[in-house]
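Chain residues, written in single-letter form:
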Amino acid sequence: MDRFTADENSLSLKQLCDKTGYNKATLYRMLTDLTQAGFLHRDADTKIYSIGDTVHRLSNIAKGYALDDAIWEMADALSLQAGETVHCSVFENDMVMVKYVAESPRRLRIIVDQDTLPIDCTGSGLLFLSQESAERQAQLLGGTPSASVKKYLKFIAQNGYMHNAGMFDPDAFSVTAPIFDKAGKICVCISVVSPLIQATDDVKRRLTNAVIAQAQKITHRINGVIPETYAPSEWK
């Protein structure tokens, strides 16, 4: 398992043989067991291995909140309800990490294939940034927040969520809401993403209300605490 790194998070059987020294038959049996247990994921098309959901789940449980299959099921439910792609992100090692994606069943949809997201131009990144001190924000951004970042952080403070129209992906509109842990801190961000061309005001309002409601349900599901000061408003 420790042969997977941030730089090499997807490896083939041959690469793993080279890195471990095991022969192909022995290593394949080991990888099959790990895949069946959820510690690894094997892409059916490329045959490439990557870290599985079990590892991510255990990592997050160790941090004090239960980011388990129930959350993924609720993300799936939101995707079906909204008819759009949904993804969940966490903030680890000063990076916004995409942990789960429920892809829209529609032919015209946004595909989220990134493992990490920038902190200064995505809804998830900006929500995580919003709960940090000014000093910590400057550290994460590599300097004082720009005028645009300050504007987005002000919007989050006033509305409790973030919408993103083409900032990161020029073809996408997304709405992101926070999921809170037992200490009332944002532990996960859940986003619903729609093709920008389809994002009318009515669609934006519908997606906003849906993702906020589901984020609050998930918070209760993991025994999180919604801060008394958190009062999300409708899309404006």
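Residues numbered from 1 in each chain as written. Predicted model: local features only at pLDDT ≥ 70, side-chain atom pairs only at ≥ 80, totals over all residues. Heavy atoms only, no water.

1. What about helix α4 (residues 69–82)?
Next up, step 1: Its 14 residues place the ends of α4 20 Å apart at the C-alpha level, agreeing with the 20 Å of an ideal helix rising 1.5 Å per residue.
Next up, step 2: Along α4, the residues classified as buried are Ala 70, Ile 71, Trp 72, Met 74, Ala 75, Leu 78, Ser 79 and Ala 82.
Next up, step 3: Gly 83 lies just past α4 and shows a positive phi near 75°. (Helix = DSSP H or I, 4+ residues; strand = E, 2+ residues; numbered from the N terminus. Expected span 1.5 Å × (residues − 1). Buried < 20%, exposed > 50% of the residue type's maximum accessible area, 1.4 Å probe, protein only.)

2. Let's talk about the sheet that holds strand β8 (residues 172–180)
Next up, step 1: With antiparallel pairing, the six strands of this open sheet are ordered in space as β6-β5-β4-β9-β8-β7. Lying at the two open borders of the sheet, with one neighbouring strand each, are β6 (116–117) and β7 (162–165).
Next up, step 2: Along the sheet, α4 contacts β4 (85–92), β5 (95–102) and β9 (186–195); its crossing angle with β5, the most-contacted strand, is approximately 65°.
Next up, step 3: Sitting on the sheet, helix α8 (residues 201–221) touches β8 and β9, and the angle it makes with β8 is about 25°. (Pairing = 2+ DSSP bridges. Contact = heavy atoms within 4.5 Å. Axes fitted to C-alpha atoms, helices over the stretch in contact; angles between N-to-C directions.)

3. Notes on helix α2 (residues 24–36)
Next up, step 1: Spanning 13 residues, α2 covers 18 Å between terminal C-alpha atoms, matching the ideal 18 Å at 1.5 Å per step.
Next up, step 2: For α2, the capping residue at the N-terminal end is Asn 23, with a side-chain oxygen 3.2 Å from the backbone nitrogen of Ala 25.
Next up, step 3: Gly 38, located one to two residues past α2, shows a positive phi value of around 90°. (Polar contact = N/O pair within 3.5 Å; in protein donor to acceptor, adjacent residues only side chain to side chain.)

4. A closer look at the layout of surface pockets
Next up, step 1: Within this model, the second largest pocket holds a volume of roughly 320 Å³.
Next up, step 2: Forming the walls of the second largest pocket are 18 residues, and the residues nearest its centre are Ile 156, Ala 157, Gly 160, Thr 229 and Tyr 230.
Next up, step 3: Of all the secondary-structure elements, those providing two or more residues to the lining of the second largest pocket are α5 (123–130), α7 (147–159) and β8.
Next up, step 4: For the lining of the second largest pocket, the element with the highest residue contribution is α7, accounting for five residues.
Next up, step 5: When the residues that make up the lining of the second largest pocket are grouped by side-chain class, the tally is 11 nonpolar, seven polar and no charged. (1 Å grid on protein atoms, 1.4 Å probe; cavity = no way out; pocket = protein on both sides within 12 Å on 5 of 7 lines; lining within 4 Å. Points joined across faces, edges and corners; volume = space filled by probe spheres on them. Nonpolar A, V, L, I, M, F, W, Y, C, P; charged D, E, K, R; others polar.)

5. Regarding the nonpolar core
Next up, step 1: Leu 126, Ile 179, Ile 190 and Val 211 are the most contacted members of the largest nonpolar core, which has 49 residues in total.
Next up, step 2: Counting only elements with at least two residues in this core, the list comes to α4, β4, β5, α5, α7, β8, β9 and α8.
Next up, step 3: No other element matches the seven residues that α8 contributes to this core.
Next up, step 4: Apart from residues no more than four positions distant in its own chain, Leu 126 is found in contact with Ile 119, Asp 120, Cys 121, Val 149, Tyr 152, Leu 153, Ile 156, Met 162 and Met 167.
Next up, step 5: By size, the runner-up hydrophobic cluster in this structure holds nine residues, among which are Leu 13, Cys 17, Leu 27 and Leu 40. (Core = buried A, V, L, I, M, F, W, Y, C linked by side-chain atoms within 4.5 Å.)

6. Observations concerning the pattern of salt bridges
Next up, step 1: Applying the stated criterion across every chain, the model contains six salt bridges.
Next up, step 2: Here Asp 94 ties to Arg 136 by a salt bridge, and the two come within 2.4 Å at their closest N and O atoms. Remark: Arg 136 occurs in helix α6 (residues 134–141) and Asp 94 occurs in the loop between β4 and β5; sequence separation between them is 42 residues.
Next up, step 3: Judged by its relative accessible area of 44%, Asp 94 falls in the partly exposed class. (Salt bridge = Lys/Arg side-chain N within 4 Å of Asp/Glu carboxyl O.)

7. Details of the packing of aromatic side chains
Next up, step 1: Within the structure shown, the criterion is met by four aromatic pairs.
Next up, step 2: Between the aromatic rings of Trp 72 and Tyr 100, the centroid separation amounts to 4.8 Å while the plane-to-plane angle is 10°, which identifies the pairing as stacked. With Trp 72 in helix α4 and Tyr 100 in strand β5, this pair connects stretches of sequence that are 28 residues apart. Taken as a pair, Trp 72 and Tyr 100 share a single burial class, namely buried. (Phe/Tyr/Trp six-rings, centres within 6.5 Å; stacked < 30°, edge-to-face > 60°.)

8. What to know about the sheet that holds strand β1 (residues 10–11)
Next up, step 1: Pairing is antiparallel across the open sheet formed by three strands, whose spatial order is β1-β3-β2. If you trace the sheet from one side to the other, it starts and ends with β1 and β2 (40–42), each paired once.
Next up, step 2: Sheet topology note: the β1/strand β3 (residues 49–51) ladder contains two bridges and is antiparallel. Pairing of Ser 10 across the sheet is with Ser 50, part of β3.
Next up, step 3: The strands touched by α2 within the sheet are β2 and β3, with β2 carrying the most contacts at an inclination of about 105°.

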